[in-house]
Amino acid sequence: MAAQPKRLAYEFPSYLHDPPGIWGWLTTVDHKRVAVLYAVTALLMMGIGGLEAMLVRGQLLVANNHFLSAGMYNEMFTMHGTTMIFLVVMPLELGFFANFMIPLQIGARDVAFPRLNALSFWVALAGTIFLHLGLMRGLGMLPDAGWFGYANLTERMYTPGVNVDCWDIGLLILGTSTLLSSLNFFVTIVNMRAPGMTFMRMPMFMWAMLITTILVLLAFPALTVGLIFLFADRFLNTHFYVVSAGGTPILWQHLFWIFGHPEVYIMALPAFGIASEILPVFSRKPLFGYPMMAYSIVLIAFLSYGVWGHHMFATGMGPIADSTFAITSMLIAIPTGIKVFSWIATVWGGRLRFTTAMLFALGFVIEFTIGGLSGIMHASAPVDLQQTDTYIVIAHFHYVLFGGMMMSILAGFYYWWPKVSGRMLNEKLGKLHFWMTIWAFNATFFPMHFLGTLGMPRRIYTYAPNMGWDFWNFFISINAFILGFSFLIFFINIVWTSLRGEAAPADPWDGRTLEWSVASPPPAFNFVTIPTVVSRDAFWVRKYGGATAHGIAPAIAGGAAAGVAMPPAVGHAEEEHHIHMPAPSLYPVLFAIGLFMAGVGCLVWTRLIIMGGGLLGISIIGMVFEYPTFGKYNPEMIEESTIGVDHRKMGMWAFLGSECVFFATLISTYMVYKDRNLSGPDAMILNIPLTSFSTFILLTSSLLMVLALAAVQRNDRKWSVFWLCGTIFFGVIFLGGQAFEFTDFVLHGLKLQTNLFGQCFFTLVGFHGIHVLIGVVWLTVLMIATARGKIGKDRSLAIEIGGLYWHFVDIVWIIIFTLIYLMRTVKHA
Amino acid sequence: MSEQALHQDHLGAHPDGSPDEGHPGPGIYIVIALILGVMTAMEISVFYVQSLQSVLVPILIILAMAKFALVAMFYMHLHYDHRVFSVLFVFPLLLAVLVVMSLLLIFAHIATVMSFTIPIWPGH
């Protein structure tokens, strides 16, 4: 361990105590505090998810067991999967590690949108609680249709309770949080890197997070659409997934896995990134093959969009689709193999230090490789048909999810926890944790390959004693309990060392990246002076000079202590005085409460929807206007940004990119379903003259919008208000036309529930209408602010960003008008 | 409007290098609006002309793509702004098109190969 450098003594309070008190934590927008909030919540959920796994294994301990009922077993495995994926792995990777490390590793003071960051956490917490609402007395039970929620098991007729409602709405809320986080991190990494930190100088964890955020932005909309259809089926009596009404459960599987397989890499890429940080530090060598490692991440992410069908070989997609998905799935092994070999080459010939973090990182490489190899078997359609729905699949994905992601997460904990808490974790307890985990994990999940080969299916709550499965189930369950116990050691280690642990120096591991250049724990503003980066492994180069940047470390570790100049980790009080950090805000909490109330309102009391919606509106407007630079053109910020563009504009474009996938999913569903009508009106009911008029209206509104922007940029308040009023007016006319059209359809016998055409049409066009409505409200707020002199030339960015949204709504309508209206007689599928 | 006039209009609107630097002025916006209006009129006309029904789909798709591109390039300023915005929009757009095409192909195949009778939903 490197000795404590003299200059890194505390001169500023750490972020943990600045500002103090519960109110400080409740209203915090500091990325580090938000990260800690995520960590606490996720660790709690890890305990709950682990307990659920113990109950599942307890039930399977012996044959013919009735420790749990069949229903409760379904609840336990459903919530175990949902909890571990959405409430543990993702919050730890995206919420905790990414939140804490992104600004520190790229040399920034915070994320691009600190309020949005806090909002993401509180919304995630709301979603977490919502998923568990079924535990409340009177509401029945927990979700029980599997983490994949296969239709039509999730339909009201098969699962009448509120448990699947909680699952559906809870995931919608969590998805919103994840999307907002990803948007934030994407802009932060692209646009807030320290001077000199080019893409090819970024730490590998930053590469992993950059690509992960892109995956989230482009994969989650498909899940959102699938969940919206499920919501409509359960609450509005539509039949998106009901075969007897012409729908198909296969649609859900496509939508779910279009999200679901990128989701695997949303969880895997950060794990790759964490390991890629740890292995070089404890091998005292630079990461082998950095460019190929970065390109591999990009290639894995790209390919991950084209492999969703390998989860559906058994559904009968046909030989062409099966072959395509098999090939793309096998192709992913190439960039993944590059990564595995690069990790091995990084460690090879290094002077290894077997700390707990290093042990877990090495464990990750080995176990993930085993999981990856069994994944290649599943990529082969004929082989997969034999293995699907057996315990081999459970073995495979636990080797990937636990052996891969969880091992890496634990490595990350032991590596970065000193930076987070200012306390070292106990290494002896850590190593005990590691060895127990590595034994119990393999003893739990490797025999599942045997069980699967012996034909034991997934998701059965008990089994007969004469199947030949008894021994391995007993063996697996005992080792699963040992695995659970090993986590108890981990939790004790965290709690104990947080209270009485050894104080952590700034650079306990002789690190290579910028986070080790600041105090442990860091001050609220991270860096007194934003560092300038001249090379990859920026901190290493600062410590040892460029000569050793890409070579083996000096014989004596702890260059900082040896007198090498340290970066400006701390400074003086007058320097802190000039650093402006974002002010705390209560609105993110209010927003999350509003969203939660609206969700609960769907279940029990519809008035809560209105109350929750009101709170949402208030908190959004409050957040926008409390922001001191609302809509303000900020040349300094643009000049300081990495690529010279405004964060807010980049964020809006990234959001619109995500919206493309959202509408594409809605449009494809319409095109697949529109000709599967069993009865009632079809597309010939569409009113072309009316919608032609509406199209002209919306196009005209886009013209008025850009004229408003041009006027405000000229500082011409009168004309900017005039054109904004015109845009709003035309928007309202468009909405009026849509209301007339919908009413006319209802009068002619086409309702949302009438047939597949009706439900797809109303959903697609309705969602577009909701977007127009949001745009009208948004522009009205901007118009009032402009009229009151709050928005002038200096804040014209507010109008420009609102305009981008409005024009996007316009171009979506251009597509809808063509594909849905003018091509109404064309058969698509 | 001549190219020179368009250029002048472009530059003239923002002499001080303010946030709108590089954005076109009202003249170009109005020209684009006229083009969009004409193209929409063409779309609607094509829809009603019986003799064009066999080529309806390609014509409508080309016109829609052109309108889409005009709004994105000029009203949303992709033509003038930083190239990163174009990447942020076009890549997801292509992915979205791929998703639509893939789903249509898969479901078309299922519809072709697997013909089965679907029971009528009660009440319809």
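Note that the coordinates shown come from a computational prediction; the quantities given were computed from them, not determined experimentally.

1. Some thoughts on the packing of helix H24 (residues 756-787) of chain A against helix H25 (residues 796-822) of chain A
Residues and elements named next belong to chain A. Relative to each other, H24 and H25 sit at 155°, their axes nearing to 10 Å. On the basis of their axis angle, the class for H24 and H25 is roughly antiparallel. Between H24 and H25 lies a crossing of left-handed hand. Of the residues belonging to the contact of H24 with H25, the class tally is 20 nonpolar, five polar and no charged.

2. Here we look at the interface of chain B and chain A
Taken together, the contacts link 57 residues of chain B with 76 residues of chain A. For the chain B and chain A pair, buried surface summed over both sides reaches about 5900 Å², with 82% attributable to carbon and sulfur atoms. The partner of A:Lys649 in a salt bridge is B:Asp81, and the shortest N-O contact between them spans 2.7 Å. Between chain B and chain A we count three residue pairs in polar contact (both at pLDDT 80 or more) in total. The set of elements that each furnish at least two residues to the side of chain B that touches chain A consists of helix H2 (26-48), helix H3 (56-75) and helix H4 (83-113) of chain B. A per-element tally of the side of chain B that touches chain A places H4(B) first, with 19 residues. When the residues that make up the side of chain B that touches chain A are grouped by side-chain class, the tally is 42 nonpolar, ten polar and five charged.

3. Things to note about helix H14 (residues 427-453) of chain A
Taking 1.5 Å of rise per residue, 27 residues should cover 39 Å, and H14(A) covers 39 Å from first to last C-alpha, within 8% of that figure. The positive-phi residue at the C-terminal boundary of H14(A) is A:Gly455, with phi of around 95°.

4. Some thoughts on empty space enclosed by the protein
Residues and elements named next belong to chain A. For the coordinates displayed, the defined rule picks out four cavities of 30 Å³ or more. In this model, the largest cavity occupies a volume close to 190 Å³. Lining the largest cavity are 16 residues, and of these Tyr 38, Phe 86, Pro 91, Ala 124 and Ser 177 sit closest to its centre. Secondary-structure elements contributing two or more residues to the lining of the largest cavity are helix H2 (31-59), helix H3 (70-106), helix H4 (114-131) and helix H5 (163-191). When the residues that make up the lining of the largest cavity are grouped by side-chain class, the tally is ten nonpolar, six polar and no charged.

5. Focus: the confidence of the model for chain A
Residue and element names in this part refer to chain A. Within chain A, residue pLDDT values average 90, and 92% of them lie at 70 or more. Least confident of the elements in chain A is helix H17 (residues 573-577), whose mean pLDDT is 53; most confident is H14, at 97. Low pLDDT (under 50) marks residues 1-10, which in the prediction has 26 contacts with non-local residues, meaning those over four places away or in another chain. Between residues 551-571, whose pLDDT stays under 50, and residues either more than four places distant or in other chains, the model counts 56 contacts.

6. Focus: the side chain of A:Thr212
On the secondary structure map, A:Thr212 appears in helix H6 (residues 204-235). Not counting chain neighbours up to four residues away, the residues in contact with A:Thr212 comprise A:Leu94, A:Ile266, A:Leu269 and A:Pro270.

7. Thoughts on the state of the cysteines
Enumeration over the complete set of coordinates arrives at zero disulfides over all chains. Here A:Cys602 stays unpaired: no disulfide links it, and the sulfur of A:Cys166, its closest cysteine neighbor, is 11 Å away.

8. Quick notes on the pattern of salt bridges
All names here are of chain A. All chains considered together, the criterion is met by 13 salt bridges over all chains. When the shortest N-O distance is used, the salt bridge between Asp 165 and Arg 234 registers 2.5 Å. Separated by 69 residues along the polypeptide, Asp 165 in helix H5 and Arg 234 in helix H6 bring together distant segments of the chain. A relative accessible area of 5% places Arg 234 in the buried class.

9. Side note on unusual backbone geometry
Residue and element names in this part refer to chain A. The linkage connecting Ala 151 with the following residue, Asn 152, adopts the cis geometry, with an omega of 0°. Structurally, the position occupied by Asn 152 is in the loop between H4 and H5. The omega angle of the peptide bond from Ser 520 to Pro 521 is -5°, so this bond is cis rather than trans. Looking at the element boundaries, Pro 521 is found in the loop between helix H15 (470-500) and helix H16 (538-544).

10. A look at the nonpolar core
Considering soluble globular proteins, one finds that nonpolar side chains tend to be buried as a cluster. Ranked by internal contacts, the top residues of the largest apolar core, which has 315 residues, are A:Phe413, A:Tyr670, A:Phe761, A:Tyr821 and B:Phe89. Discounting chain neighbours no more than four positions away, the residues touching A:Phe761 are A:Tyr670, A:Leu686, A:Glu741, A:Phe742, A:Phe745, A:Gly766, A:Ile820 and A:Tyr821.

11. Observations concerning the side chain of A:Asp144
All names here are of chain A. The residue Asp 144 is located in the loop between H4 and H5 in this model. Arg 234 provides the closest opposite charge to the buried, salt-bridge-free Asp 144, at an N-O distance of 7.8 Å. Polar contacts involving the side chain of Asp 144 include one to the side chain of Asn 163, which spans 3.1 Å.

12. Digging into H5(A)
With 29 residues, H5(A) extends 42 Å from end C-alpha to end C-alpha; this agrees with the ideal 42 Å at 1.5 Å per step. Burial of H5(A) is extensive: 26 of the 29 residues sit out of reach of the surface.

13. What to know about the packing of helix H7 (residues 249-283) of chain A against helix H8 (residues 290-304) of chain A
Residue and element names in this part refer to chain A. Between H7 and H8, the shortest axis-to-axis distance is 9 Å and the interhelical angle comes to 170°. The angle between H7 and H8 places the two elements in the roughly antiparallel class. Facing His 261, Pro 262, Tyr 265, Leu 269, Phe 272 and Ser 276 of H7, the residues of H8 in contact are Met 293, Ile 297, Ile 300, Ala 301 and Ser 304. Looking at the contact of H7 with H8 residue by residue, the classes come out as eight nonpolar, three polar and no charged.

14. A closer look at the packing of aromatic side chains
Residues and elements named next belong to chain A. Enumeration according to the criterion identifies 81 aromatic pairs over all chains in this entry. Ring centres of Phe 97 and Phe 413 lie 5.6 Å apart, and the angle between their planes is 75°; on these two criteria the pair is classed as edge-to-face. Of the two residues, Phe 97 is situated in helix H3 and Phe 413 in helix H13 (residues 391-421); the sequence distance between them amounts to 316 residues. Phe 97 sits in the buried class, given a relative accessible area of 1%. Where Phe 199 meets Trp 207, the ring centres are 6.0 Å apart and the plane angle is 45°; that geometry is what we call tilted. In this structure Phe 199 comes out as partly exposed when scored by relative accessible area, which is 31%. Taking NZ or CZ as reference, Arg 33 lies 4.3 Å from the ring centre of Trp 25, over its face. If you follow Arg 536 out to its NZ or CZ, it ends over the ring of Tyr 290, 3.8 Å from the centre.

15. Notes on the environment of A:His449
Residue and element names in this part refer to chain A. Looking at where His 449 falls in the secondary structure, it is placed in helix H14. The buried category is assigned to His 449, whose relative accessible area is 12%. For the pair His 449 and Ile 620, spaced 171 residues apart in sequence, the C-alpha to C-alpha distance is 51 Å. Ignoring sequence-local partners within four residues, the contact set of His 449 consists of Ser 374, Ile 392, Ala 395, His 396 and Tyr 399.

16. Section: the environment of A:Val88
All names here are of chain A. Here Val 88 lies in helix H3. Distance from Val 88 to Gly 47, taken between C-alpha atoms, is 9.4 Å for residues 41 residues apart in sequence. Look past the residues within four positions of Val 88 in its chain and what remains in contact with it is Ala 42, Met 45, Met 46, Thr 83 and Met 406.

17. Structural notes on the confidence of the model for chain B
Residue and element names in this part refer to chain B. Overall, the predicted model of chain B reaches an average pLDDT of 79, with 73% of residues at or above 70. Per-residue pLDDT stays below 50 along residues 116-124; that stretch engages in 16 contacts with residues further than four places along the chain or on separate chains. We note a pTM of 0.91 for the whole complex and an ipTM of 0.87 for its interfaces.

What counts and how
Residues numbered from 1 in each chain as written. Chains lettered and ligands numbered in written order. Predicted model: local features only at pLDDT ≥ 70, side-chain atom pairs only at ≥ 80, totals over all residues. Heavy atoms only, no water. Axes fitted to C-alpha atoms, helices over the stretch in contact; angles between N-to-C directions. Helix = DSSP H or I, 4+ residues; strand = E, 2+ residues; numbered from the N terminus. Parallel < 35°, antiparallel > 145°, perpendicular 65-115°, else oblique. Left-handed = near helix turned anticlockwise from the far one by under 90°. Nonpolar A, V, L, I, M, F, W, Y, C, P; charged D, E, K, R; others polar. Contact = heavy atoms within 4.5 Å. Buried area = accessible area lost by both parts, 1.4 Å probe. Salt bridge = Lys/Arg side-chain N within 4 Å of Asp/Glu carboxyl O. Polar contact = N/O pair within 3.5 Å; in protein donor to acceptor, adjacent residues only side chain to side chain. Expected span 1.5 Å × (residues − 1). 1 Å grid on protein atoms, 1.4 Å probe; cavity = no way out; pocket = protein on both sides within 12 Å on 5 of 7 lines; lining within 4 Å. Points joined across faces, edges and corners; volume = space filled by probe spheres on them. pLDDT = per-residue confidence, 0-100. Disulfide = S-S within 2.5 Å. Buried < 20%, exposed > 50% of the residue type's maximum accessible area, 1.4 Å probe, protein only. Core = buried A, V, L, I, M, F, W, Y, C linked by side-chain atoms within 4.5 Å. Lys, Arg positive; Asp, Glu negative; His and termini not counted. Phe/Tyr/Trp six-rings, centres within 6.5 Å; stacked < 30°, edge-to-face > 60°. Lys NZ or Arg CZ within 6 Å of the ring centre and 35° of its normal.

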